[in-house]
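Here is how the chains run, residue by residue.
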Amino acid sequence: MTTRDQVDRLATAQAKVYRMVKRRLDSLLPRLQSLPPDQARDLLLAVIPVLVEEHGNLAATAAAEWYEETRAQQVTGTFRSRLGANPPTNDIQRTVRRTAGHLFTGDPAATIGALAGAVQRYVAGTARDTIRRNMLNDPTKPRWAVIPSGAKTCAFCEMLASRGWQKGAAEAGAAGFHDHCDCQIVPEWDKSGRNHVEGYDPDQMYERYSAARAELEADGLDSGDTRLILARMRDMYPDRYTDGHAVPLILRDPVHGWPDDRVLPVTPRTWEHILEHGPGGSKEDQFNGTRYEIAKDIRRGITEPQWQGTPEWRDDVYNYHWRLPDGREALAGGIAVKEGDPPVIRLLTAYPVSDRSRRMLP
Ligand SMILES: [Zn+2]
C-alpha cells in the first residue's frame, strides 16, 4: 500500500525543486530593476520558459523515479517509467505577459512574486503529469487519489481529495491545481480498498463537502454550484482550510442570506467580539455551538427577529431579539448609520440574554 511517508517524499521532491527555481527567480530582481520595463519583460519572456523547463524536468525525473520505486514495492515485474510534459512555451510566455504589468508600474518584485506562484504550478504540474502518464501506461492499472500535503489545505483541494481512490488514470490531473498547491496525484496498487494514507480521510472530507451542500439546500441555494459549495465549506470549517473565512459569508453576503441592505456586513472586529467577549465577558452570555452555528443563529435573528427596534432609552441603538434553540433569548444590537424605516444598522454585538444583561434591556 502507498504510505504517507511515500506521499510526503513525492511532495518534498517538488518542494526542493521549487526552492531552487525560486532562488533563480529572486536573483533576477536586481536586473529587472535596472532595465527599462519593456526590456525587463523581454528578458523574462526569454528566461522564464527555460527555467520552467529545466526545473520541470528535474521534478519529472524525481516523480518518475518515485513511481518506479513505489510500484516495485507493491507489484512484481519491471516497469520503465517516463517523464511528463512541460507546458507549452506559449502558455508560459502568456503568463509572463500577464504578470509583466507590475514592471511598468515600478514594482518588479510583484512580477517576481506572481511568477513564482505560476512557476511552482508549472513545475509541480510536470511532476503530476509524470505520475498520470505512468499510470496510463501501467498495465497493472493502479487506482489514484488527490492527496493534500501538510496539516491544512484549501477548500478547493479538499473537494478534489474528498473523491477518494478512483479508477481511470486519464482523469487524474484534469483538475485545476492552483498556484502553490502541493497536492499530489497518488497511485495505489493494492486492490483491496484498504488503503489508509495517514491523515488522508476522504470519507471525512466528503462529509464536510456534503454538509456544505445540505446547508446550501436549506438556504434555498443551488447545491450543485461549486463556487457556493466551496464558500460554504470555508464558512463552516474556517480553521480547517488555508482559505477559511475569518467572518462567515452568511454574516456579510446577500447571496448567502445576509440582508446587507438593512444590516452592514459584520466586521472581523465585531465577529471576534461576539465570539470571545460577550457583552461583559461572562460565561452566561456566551452562545453555544460552533462558530458557524452561532453565525447561522445570528443571521436568523436578524432576518426573522421576534422583536426589533430602538429601546426607549437610547434612540441611536437598534436591537433585534430572538429565541435560541436552547430556549434562551438572544439579542443583537448595533447603531443606526443611515436613517430610514428600518434604518441601516452597523452591528456591534450579539449575545444570549442572561439575567444580568436583562436588567439593561427595555
Ligand atoms: Zn492543493
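Conventions adopted
- Residues numbered from 1 in each chain as written.
- Predicted model: local features only at pLDDT ≥ 70, side-chain atom pairs only at ≥ 80, totals over all residues.
- Helix = DSSP H or I, 4+ residues; strand = E, 2+ residues; numbered from the N terminus.
- Rg over C-alpha atoms; globule rule 2.2 N^0.38 Å.
- Buried ≥ 20, exposed ≤ 12 C-beta atoms within 10 Å, placed from the backbone.
- Contact = placed C-beta atoms within 7 Å.
- Pairing = 2+ DSSP bridges.
- Axes fitted to C-alpha atoms, helices over the stretch in contact; angles between N-to-C directions.
- Expected span 1.5 Å × (residues − 1).
- Bend = angle between axes of the 7 residues up to and from the residue.
- Left-handed = near helix turned anticlockwise from the far one by under 90°.
- Nonpolar A, V, L, I, M, F, W, Y, C, P; charged D, E, K, R; others polar.
- Domains from an automatic or database assignment.
- Core = buried A, V, L, I, M, F, W, Y, C linked by C-beta atoms within 7 Å.
- Parallel < 35°, antiparallel > 145°, perpendicular 65-115°, else oblique.

Enquirer: For this particular structure, what's the right way to read the overall build of the chain?
Expert: Assigned secondary structure in the chain consists of 12 helices and six strands. Against the globule reference of 21 Å for 362 residues, the chain gives a C-alpha radius of gyration of 26 Å, more extended than a compact globule. Burial statistics for the chain: of 362 residues in total, 39% are counted as buried. In the chain, once contacts between residues fewer than 6 apart in sequence are set aside, the share between residues at least 24 apart is 64%.

Enquirer: What should I look at first to understand the sheet that holds strand β4 (residues 317–323) in this one?
Expert: Strand pairing in a sheet is mediated by backbone hydrogen bonds. Such pairs are either parallel or antiparallel. The sheet built from four strands is open, its strands ordered β3-β4-β5-β6 with antiparallel pairing. At either margin of the open sheet sits one strand with a lone partner, and together these are β3 (307–309) and β6 (344–352). Averaged over all pairs of adjacent strands, the angle between strand axes in this sheet comes to 15 degrees, irrespective of strand direction. The pairing of β3 with β4 spans three bridges and is classified as antiparallel. Paired with Trp 307 across the bridge in β4 is His 321. Sitting on the sheet, helix α11 (residues 291–303) is in contact with β4, β5 (329–338) and β6, with an inclination near 65 degrees to β5.

Enquirer: I keep staring at helix α3 (residues 37–72) and nothing clicks. Help me out?
Expert: Helix length check: α3, at 36 residues, gives a terminal C-alpha distance of 51 Å against a target of 52 Å (1.5 Å per residue), a fit within 8%. Taken as a whole, α3 carries its principal kink of about 25 degrees at Val 47; the proline Pro 49 stands between one and four residues after it.

Enquirer: Help me understand the packing of α3 against helix α6 (residues 108–137) in this model?
Expert: For any two helices packed against each other, one specifies the inter-axial angle together with the distance between the axes. Look at α3 against α6: their axes get within 8 Å of each other, and the N-to-C directions meet at 30 degrees. Remark: the crossing between α3 and α6 carries right-handed chirality. Listed contacts from α6 to Ala 40, Ile 48, Leu 51, Val 52, His 55, Gly 56, Ala 59, Ala 60, Ala 62, Ala 63, Ala 64 and Tyr 67 of α3 are Pro 108, Leu 115, Val 119, Tyr 122, Val 123, Ala 124, Thr 126, Ala 127, Thr 130, Ile 131 and Asn 134. By residue class, the composition of the contact of α3 with α6 is 18 nonpolar, five polar and no charged.

Enquirer: How should α6 be read in this particular structure?
Expert: Here α6 contains 30 residues, and its C-alpha end-to-end distance of 43 Å stays within 8% of the 44 Å for a straight helix at 1.5 Å per residue. Burial of α6 is extensive: 22 of the 30 residues sit out of reach of the surface.

Enquirer: Is there a simple way to explain the pairing of β6 in this structure?
Expert: Each regular strand displays side chains that alternate between the two surfaces of the sheet. Sheet analysis places β5 next to β6, joined by eight bridges and oriented antiparallel. Of the residues in β6, the one forming a bridge with Lys 338 is Val 344. The turn joining β5 and β6, which pair antiparallel and follow one another in sequence, is formed by five residues; a positive phi near 155 degrees is taken by Gly 340.

Enquirer: Explain the domain arrangement of the chain to me, please; I cannot follow it from the model alone.
Expert: A common measure of how large an interface is: the accessible area buried when the components associate. Examined at the domain level, the chain breaks down into domain 1 (4–149 + 168–190), domain 2 (204–245) and domain 3 (268–358). The gap between the C-alpha centroids of domain 1 and domain 3 is 49 Å.

Enquirer: Would you mind going over the nonpolar core with me for this structure?
Expert: Note on soluble globular proteins: their nonpolar side chains tend to be buried together. Residues Ala 63, Val 119, Val 123, Ile 147 and Ala 161 are the most contacted members of the largest nonpolar core, which totals 60 residues. Three or more residues apiece are contributed to this core by two domains, here domain 1 (4–149 + 168–190) and domain 2 (204–245). Excluding anything up to four places from it in sequence, Ala 63 contacts Leu 10, Ala 13, Ala 127, Thr 130 and Ile 131. Counting residues in hydrophobic clusters, the runner-up holds 23 residues, among them Trp 258, Phe 287, Tyr 318 and Tyr 351.

Enquirer: How should unusual backbone geometry be read in this particular structure?
Expert: Among all residues except glycine, the phi angle is most often negative; among peptide bonds, the trans geometry is most common. In this structure, the amide linkage connecting Asp 341 to the following residue, Pro 342, adopts the cis form with an omega of 0 degrees. Mapped onto the elements, Pro 342 comes out in the loop between β5 and β6. Positive phi, close to 45 degrees, is recorded for Lys 141, a residue that is not glycine. As for its placement among the helices and strands, Lys 141 is situated in the loop between α6 and β1 (143–147).

Enquirer: Sorry, what's going on with the environment of Gly 117 here?
Expert: Relative to the helices and strands, Gly 117 resides in helix α6. On the neighbour-count criterion, Gly 117 (15 C-beta atoms within 10 Å) is partly exposed. In this structure the C-alpha to C-alpha distance between Gly 117 and Asp 182, which are 65 residues apart in sequence, comes to 12 Å. Contact partners of Gly 117, with chain neighbours within four places excluded, come to Asp 179 and His 180.

Enquirer: Which parts of the structure should I look at to understand the packing of helix α1 (residues 4–27) against α3?
Expert: Here α1 crosses α3 at 165 degrees, and the two axes come no closer than 10 Å. Considered as vectors, α1 and α3 are oriented roughly antiparallel to each other. Judged by the twist between their axes, the crossing of α1 over α3 is right-handed. Residue-level contacts link Gln 6, Arg 9, Leu 10, Ala 13, Gln 14, Val 17, Met 20, Val 21 and Arg 24 of α1 to Leu 51, His 55, Leu 58, Ala 59, Ala 62, Ala 63, Trp 66 and Thr 70 of α3.

Enquirer: Could you clarify how one ought to interpret the pairing of β5 in this entry?
Expert: Inspection of the sheet shows β4 paired to β5 by seven bridges, in the antiparallel sense. Looking at β5, one finds that Arg 323 is bridged to Glu 329. Connecting the antiparallel pair β4 and β5 is a turn made up of five residues, with Gly 327 showing a positive phi of about 95 degrees.

Enquirer: Explanation requested: the environment of Val 50 in the structure shown.
Expert: For Val 50, the position within the fold is in helix α3. The class of Val 50 is exposed, set by 12 C-beta atoms lying within 10 Å. Separated by 98 residues in sequence, Val 50 and Pro 148 place their C-alpha atoms 28 Å apart.

Enquirer: What is the right way to look at the environment of Asp 138 in this model?
Expert: With respect to the helices and strands, Asp 138 occurs in the loop between α6 and β1. Overall, the presence of 17 C-beta atoms within 10 Å leaves Asp 138 in the partly exposed class. It is 8.9 Å that separates the C-alpha atoms of Asp 138 and Ser 81, two residues lying 57 residues apart in sequence.

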